[in-house]
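For reference, the chains in residue letters:
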Amino acid sequence: MKDILKLDKVGKRYATSNFEIKDISFSLPEGNILGFIGENGAGKTTTINCILNTIEKDSGTIKIFGREMSDEDTDIREHIGVVYDGNNFPEYLTATQLASILEKIYKNWDSLIYKGYMNRFNLPESQKIKTYSRGMGMKLAMAVALSHKPKLLLLDEATSGLDPIMRDEILDVLLEFVKEEDHSILLSSHITSDLEKIADYIVFIHQGRIILHKTKDELIYDYAVMRCSQKDFKNIATEDMIAYREKAHQIDVLVSDKNKMCRKYKNIIIDNTSLDEIMLLLVKGKNHAWSNQE
Amino acid sequence: MLGLIRNNHYKIISTFKLLLIFFVFIGFAVLVFGKRNTSLLTVYSYLSIVGLSLSTAIRLRKNNTGKWDQYILTFPIKRSDIVKSEFITQAISLIVGVLITGILFSSFFAIYGFLFDRYIDTLLIFSSSIGISLFMSAVFFPFSYRDNKDRTEVIGIISLLIGIGLMIGIITMLNTIFKNPTDTQLIIIGIGVQVLAIVTYLISFFYTSSAFLRQEF
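Residues numbered from 1 in each chain as written. Chains lettered and ligands numbered in written order. Predicted model: local features only at pLDDT ≥ 70, side-chain atom pairs only at ≥ 80, totals over all residues. Heavy atoms only, no water.

### Regarding the overall build of chain A
As a reminder of what qualifies: Secondary structure is summarised from DSSP: a helix means a run of H or I of at least four residues, a strand means a run of E of at least two, and numbering begins at the N terminus for each. A radius of gyration in this sense is built from C-alpha atoms; the matching globule rule multiplies 2.2 Å by the number of residues raised to 0.38. Categorising residues by exposure relies on relative accessible area from a 1.4 Å probe, with only protein chains included: less than 20% of the type maximum marks a residue as buried, more than 50% marks it as exposed, and the intermediate range marks it as partly exposed. Residue contacts are defined here by distance: any two heavy atoms, one from each residue, within 4.5 Å place the two residues in contact. In short, Shrake-Rupley with a 1.4 Å probe defines the accessible areas, and a residue's cover is counted only from the protein chains shown. We count Lys and Arg on the positive side and Asp and Glu on the negative side, and we leave His and both chain ends out. To locate a charge, take atom NZ for lysine, CZ for arginine, CG for aspartate or CD for glutamate.
Scanning chain A for helices and strands turns up 12 helices and 14 strands. A compact globule built from 294 residues would reach a C-alpha radius of gyration of about 19 Å, and chain A, at 21 Å, matches this within 12%. Principal-axis analysis of the C-alpha atoms places the extent of chain A at approximately 70 × 40 × 40 Å. Burial analysis of chain A (294 residues in total) assigns 55% to the buried set. Pairs at least 24 residues apart make up 71% of the contacts formed inside chain A by residues separated by at least 6 positions. Carbon and sulfur atoms form 45% of the exposed surface of chain A, whose accessible area is close to 13100 Å². Charge-centre separation for chain A: the mean point of 39 positive side chains lies 3 Å from the mean point of 45 negative side chains.

Listed below in structure tokens is the structure:
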């Protein structure tokens, strides 16, 4: 499988805030969805902005369709669909006016696809965008992102703030999109349940560093949480622990090989875990590899 | 490019229409009630040509709510094209202002006859008002692109004052050089001012484009 998007040791530092992303490396193969997770301010948007060239990276390389994208490479951007969190479009436009602008900008703009999505999402075309609800605005952004037949979709918190029904509708559209083998999606979100439904890969960014990059199946089926007492905890080998977190009467230990741990620690309860729990343990817990390196 | 210009059109059209109606109305008033007053006609030409340009520039650069300014950078267009589209839109609004004023002048002359001292005065009025508009725009765009606090109106007013100041400076300098200019010299001066203003506008475009290229969102 070819990589549609590949980041290698990307770094960006903001002089004003001192925030930086460092050594960001991951790739997105064709036909896959990559969930880019992390808490607010972890560096997801900065990474996406580096990919889209709306900010200039300080170091590393970013290849989209095998090429580094500069301002001049408009042909690459023909194949990228973008959805940002919040209002993507100016409020003075109607959806029809927006389409009349975009059909002159994108060579592959397909009015029939656009109309199809507008009908599917029940979006009024002649109404000013400023009258749209947040959910309608996000649906419009999805319609726009898909109407110029992109191969790569970059969605930055596109489902946040939407109700479960709208989120589900959007996730369905994304799953339809990746049915095409050469289509891929990078979906940044802190709503991990969405990513559990659709993502193939999970990249977890924390304080500007990638601390986890796995397939979703590995995380869901192999990763687990051991529910230990203080006594049990002392018997767990350090190398088996990715992170642990002390609670009132229990210590939760994140492990990466559930079956092996079940065989090794027969008396300890080992539960399947969720992306949310993994995220919490990695961020709030102790003794994980990435924090030891710091 | 056409898409961007169309977007600019949608952005400015509501304010532009209002101003257009206002200037047509005022022009009509100048024609009907101004009688044979050429001073009113002169003031009108400055107001309509410069006023429309200033309003268009401010409206064009007024920050959009939401992510549009960032989103537009993900389109398959170069950043310089975004700047170019705004300079073109600004030039179109200037042409519209000149046309309205031109129509008013023609109507005035058709009704009352030519009342200025010399034909060349008309050329100089147009030349200076177009010059102010171009100088103002040339100052306005780079400053507004560098500003990240949405102080468009303030920058607009300052640019207008700089534009007027530049024009006064040029006229003063030319008056010092040519004590009693002939009509031919005045024509050359009028055209020279236009060329200078256009060159300044073009330099401003290249400067703004290069500044925008380094801008981060």
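### Notes on the sheet that holds strand β3 (residues 33–37) of chain A
Residues and elements named next belong to chain A. Rules: Strand pairing is defined by DSSP finding a minimum of two bridges between the two strands. Note on method: axes are straight lines fitted to C-alpha atoms, helices fitted across the in-contact stretch only, with angles between N-to-C directions ranging 0 to 180 degrees.
A sheet is described by the order of its strands in space; here 6 strands give the open sequence β6-β7-β8-β3-β9-β10, paired in mixed fashion. Strands at the two margins of the open sheet, each flanked by one partner only, are β6 (80–83) and β10 (209–215). The average angle at which neighbouring strand axes cross in this sheet is 15 degrees, direction not considered. Pairing of strand β7 (residues 152–156) with strand β8 (residues 184–189), which is carried by 5 bridges, proceeds in the parallel orientation. What sits directly across from L152, in β8, is S184.

### Quick notes on the sheet that holds strand β13 (residues 251–255) of chain A
Residues and elements named next belong to chain A. Across the sheet, 4 strands lie side by side as β12-β13-β11-β14; this open sheet has antiparallel pairing. Two strands bound the open sheet, and with one partner strand each, they are β12 (243–246) and β14 (269–272). The average angle at which neighbouring strand axes cross in this sheet is 25 degrees, direction not considered. Where helix α11 (residues 275–284) meets the sheet, its contacts fall on β11 (224–228), β12, β13 and β14, and the angle it forms with β12 comes to roughly 85 degrees.

### Comments concerning the packing of helix α5 (residues 134–146) of chain A against helix α6 (residues 164–177) of chain A
Residue and element names in this part refer to chain A. How we decide: By the definition adopted for this analysis, an angle is roughly parallel if under 35 degrees, roughly antiparallel if over 145, roughly perpendicular if from 65 to 115, and oblique otherwise. Throughout, the ten residues Ala, Val, Leu, Ile, Met, Phe, Trp, Tyr, Cys and Pro are labelled nonpolar, Asp, Glu, Lys and Arg are labelled charged, and all others, Gly among them, are labelled polar.
Axis separation between α5 and α6 bottoms out at 11 Å; the angle between their running directions is 10 degrees. As judged from the angle between their axes, α5 and α6 are roughly parallel. In contact with G135, M136, M138, K139, M142 and L146 of α5, α6 contributes M166, E169, I170, V173, L174 and F177. In terms of residue class, the contact of α5 with α6 is made up of 9 nonpolar, 1 polar and 2 charged.

### Focus: the interface of chain B and chain A
Under the convention used in this document: What counts as buried area is the accessible surface, traced by a 1.4 Å probe, that two parts surrender upon association, with contributions from both included. One speaks of a salt bridge when a side-chain nitrogen belonging to Lys or Arg is within 4 Å of a carboxyl oxygen belonging to Asp or Glu. Here a polar contact is taken to be a pair of N or O atoms separated by no more than 3.5 Å, where protein atoms must pair a possible hydrogen donor with a possible acceptor and residues adjacent in sequence count only if both atoms sit in side chains.
Across the boundary between the two partners, chain B contributes 25 residues, which contact 32 residues of chain A. When chain B packs against chain A, close to 2800 Å² is buried across both sides, 58% of that on carbon and sulfur atoms. Counting the surface chain B buries against chain A, the share from its top three residues, B:Y10, B:Y71 and B:P76, is 24%. For B:R6, the salt bridge goes to A:E103, with nearest N and O atoms at 4.0 Å. Linking chain B to chain A there are 12 residue pairs in polar contact (both at pLDDT 80 or more). Contributing elements (two or more residues each) for the side of chain B that touches chain A: α1 (2–33) and α3 (68–71) of chain B. Looking at the side of chain B that touches chain A residue by residue, the class counts come to 11 nonpolar, 8 polar and 6 charged.

### Concerning a negative patch on the surface
Residue and element names in this part refer to chain A. Just so we agree on the cut-off: In this scheme, patches are assembled from residues that exceed 30% relative accessible area and form no salt bridge. Like charges are connected within 9 Å, while nonpolar side chains (Val, Leu, Ile, Met, Phe, Trp, Tyr) are connected within 5 Å.
Taken together, D200, D217, E218, D222 and D257 make up a surface patch of like negative charges. For D200, the location among the structural elements is in the loop between α7 (192–198) and β9 (201–206). On the basis of relative accessible area, D200 is assigned to the partly exposed category, the value being 31%.

### So, the packing of helix α2 (residues 38–61) of chain B against helix α6 (residues 152–177) of chain B
Residue and element names in this part refer to chain B. Cut-off, in case you're wondering: Should the near helix be turned counterclockwise from the far one by less than a right angle, the crossing is left-handed, whereas a clockwise turn marks it as right-handed.
Packing of α2 against α6 leaves a shortest axis separation of 9 Å and a crossing angle of 145 degrees. Crossing geometry of α2 relative to α6 is assigned as right-handed. Residues V50, L54, I58 and R61 of α2 pack against T152, E153, G156 and L160 of α6. A breakdown of the residues in the contact of α2 with α6 according to their chemical character gives 4 nonpolar, 2 polar and 2 charged.

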